Amino acid sequence: LVVPISLAIGQNFVSTSAENKNVVLEEFTGIHCGFCPDGHVKAQEIKDANQGDVVLINIHTGSYADPNPGEPDFRTTYGDSIGSQSDVSGYPAGTVNRHDFSSDGWDQNGGTAMSRGYWDNAADDILTHSSYVNVAAESTIDFNTRELTVIVEVYYTADGPSMNLLNVALMQNNVEGPQSGATTWNPGNILPNGNYNHQHMLRDMLTGQWGDTLTTTTSGTYYTDTITYAIPASITSIDCELVDMEVAVFINESEQEIITGNLSAMDYILPPGISMADLEATTG
């Protein structure tokens, strides 16, 4: 439960002006899915065409994400539940703000999951709708302690429903691993050694499976919360490279219907005498 506080006390970076919704595209993907690299390309094109208004979260789930012996495991404890509630029936699939577009005929199986050919239409639709709430975050990673601090701010520009959920997701870019179909569909992401460079990979949900509860949702309500998280050295044996971490925040109605979201700004506390260029050189 996140408790609202007076706007005068601490609001400083979330917008208090009415805005349209941002897109949160959750892509269901897997290393053995031959068409998934084309989904990665299409999702990135949507993000590039709408700078600052699109969040990409790649969720490795389903049978195509099952690793063979000796392969990395990119799955999380959250992916199966998110995929299941979308009624995903083919890969790659994606939800755009977990919105039900079945009345448009864009759904895969009567739920919120859509094949990649519909993502751009769905994103264009979402971006035209006004949002009753804004959300933003500023994050800091301390390289000495591996502690991530996320300051989240939420502001209601109009009345919302009786309850919302605040989600904070941790992703990782530049994760090296196998990927079927990369040569055909996304050769630009193939590394010199032949492996694939995975992006926006979900690693953890800092607010749990479905988020923290917001119970006061009237116009003018302001929330802030500070979340700290110890970034482990690895998750499912995949190294957590601090320079490649990415944080997203989004607001839901129940477990469905994401109203809007945002990527967090990111800052770093570095060891003495070390620059970001030094760290990027050692991890790149």
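Data block above holds the structure.
Residues numbered from 1 in each chain as written. Predicted model: local features only at pLDDT ≥ 70, side-chain atom pairs only at ≥ 80, totals over all residues. Heavy atoms only, no water.

Enquirer: Whenever I open this one, the overall build of the chain confuses me. Can you help?
Expert: Each helix and strand in the chain was counted, giving six helices and 20 strands. Compactness check: the chain gives a C-alpha radius of gyration of 19 Å against a globular reference of 19 Å for 284 residues, within 12% of the reference. Each principal axis of the C-alpha distribution contributes one length, and for the chain these read about 55 × 55 × 30 Å. Sequence separation of 24 or more characterises 75% of the internal contacts of the chain that already satisfy a separation of 6 or more. For the chain, the accessible area works out to roughly 11,700 Å², and carbon and sulfur atoms hold 47% of it. (Helix = DSSP H or I, 4+ residues; strand = E, 2+ residues; numbered from the N terminus. Rg over C-alpha atoms; globule rule 2.2 N^0.38 Å. Contact = heavy atoms within 4.5 Å. Areas by Shrake-Rupley, 256 points an atom, 1.4 Å probe, with all protein chains shown as cover.)

Enquirer: Got a minute to help me understand the nonpolar core in this structure?
Expert: In summary, soluble globular proteins display a tendency toward joint burial of nonpolar side chains. Among the nonpolar cores identified, the biggest contains 31 residues, and Leu148, Val150, Val152 and Val154 are the most heavily contacted of them. Residue assignment for this core shows that the elements contributing at least two residues are β8 (133-142), β9 (147-156), β10 (164-172), β15 (222-230) and β18 (245-253). With five residues, the top contributor of residues to this core is β9. Sequence-distant contacts of valine 152, defined by excluding residues within four places in its chain, comprise Val135, Ala136, Ala137, Leu166, Val168, Tyr223, Thr224, Asp225 and Val249. Within the second largest apolar cluster, 17 residues are counted, among which are Ala113, Ala169, Ala248 and Phe250. (Core = buried A, V, L, I, M, F, W, Y, C linked by side-chain atoms within 4.5 Å. Buried < 20%, exposed > 50% of the residue type's maximum accessible area, 1.4 Å probe, protein only.)

Enquirer: Any chance you could explain the state of the cysteines here in plain terms?
Expert: Here is the idea: a disulfide is a covalent bond, and it sits between the sulfur atoms of two cysteines. Scanning all chains against the criterion turns up one disulfide. Sulfur-sulfur distance for the disulfide between cysteine 33 and cysteine 36 comes to 2.3 Å. Taking the sign of the S-S torsion, 90 degrees for the link of cysteine 33 and cysteine 36, the bridge is right-handed. Relative accessible area serves as the criterion here: at 2%, cysteine 33 is assigned to the buried category. (Disulfide = S-S within 2.5 Å.)

Enquirer: What's the story with the pattern of salt bridges in this structure? I'm lost.
Expert: Side chains carrying opposite charge are able to pair once their charged atoms draw close together. In total, this model carries five salt bridges according to the counting rule given. Between arginine 98 and glutamate 26 there is a salt bridge; the shortest N-O distance is 2.7 Å. Of this pair, arginine 98 sits in the loop between β5 (93-96) and β6 (114-115) while glutamate 26 sits in strand β3 (residues 23-29), and the two are 72 residues apart along the sequence. You can call arginine 98 buried: its relative accessible area is 2%. Using a relative accessible area of 2% as the deciding quantity, one classes glutamate 26 as buried. The partner of arginine 75 in a salt bridge is aspartate 66, and the shortest N-O contact between them spans 2.9 Å. Residue classification places arginine 75 among the partly exposed positions, given a relative accessible area of 29%. Here the residues in one salt-bridge network are Asp38, Lys42 and Arg116, joined through shared partners. (Salt bridge = Lys/Arg side-chain N within 4 Å of Asp/Glu carboxyl O.)

Enquirer: Teacher, can you tell me more about the environment of glycine 52 here?
Expert: In this structure, glycine 52 sits in the loop between α2 (36-49) and β4 (54-60). Once the C-alpha coordinates of glycine 52 and serine 162 are considered, the two residues, 110 residues apart in sequence, prove to be 28 Å apart. Apart from residues lying up to four places away in sequence, glycine 52 is in contact with Asn22 and Asn262.

Enquirer: Explain α2 to me, please; I cannot follow it from the model alone.
Expert: Within an α-helix, residues lying three or four positions from one another point in the same direction, as the helix has 3.6 residues per turn. Compared with an ideal rise of 1.5 Å per residue, which puts 14 residues at 20 Å, α2 spans 20 Å between its outermost C-alpha atoms and is within 8% of the ideal. Every buried residue belonging to α2 is among Cys36, Pro37, Asp38, Gly39, His40, Ala43, Ile46 and Lys47, and all of these are buried. The secondary structure elements touched by the buried residues of α2 are β3, β4, α4 (119-126), α5 (182-185), β12 (196-198) and β19 (256-263). (Expected span 1.5 Å × (residues − 1).)

Enquirer: It is not clear to me how the side chain of lysine 21 should be interpreted in this structure. Could you clarify?
Expert: By the secondary structure assignment, lysine 21 is in the loop between β2 (19-20) and β3. The buried charged residue lysine 21 lacks any salt bridge partner; its closest oppositely charged side chain belongs to glutamate 257, at an N-O distance of 4.4 Å. Setting aside chain neighbours within four positions, we find lysine 21 in contact with Ile126, Leu127, His129, Ser130, Ser131, Glu257, Ile259 and Thr260. (Lys, Arg positive; Asp, Glu negative; His and termini not counted.)

Enquirer: Sorry if this is basic, but what is going on with a negative patch on the surface here?
Expert: A surface patch of negative charge is lined by Glu45, Asp48, Asp120 and Asp124. Within the residue set of the negative patch, elements represented by two or more residues are α2 and α4. Take aspartate 124: it is sitting in helix α4. (Patch = residues over 30% accessible without salt bridge, like charges linked within 9 Å, V, L, I, M, F, W, Y side chains within 5 Å. Charge placed at Lys NZ, Arg CZ, Asp CG, Glu CD.)

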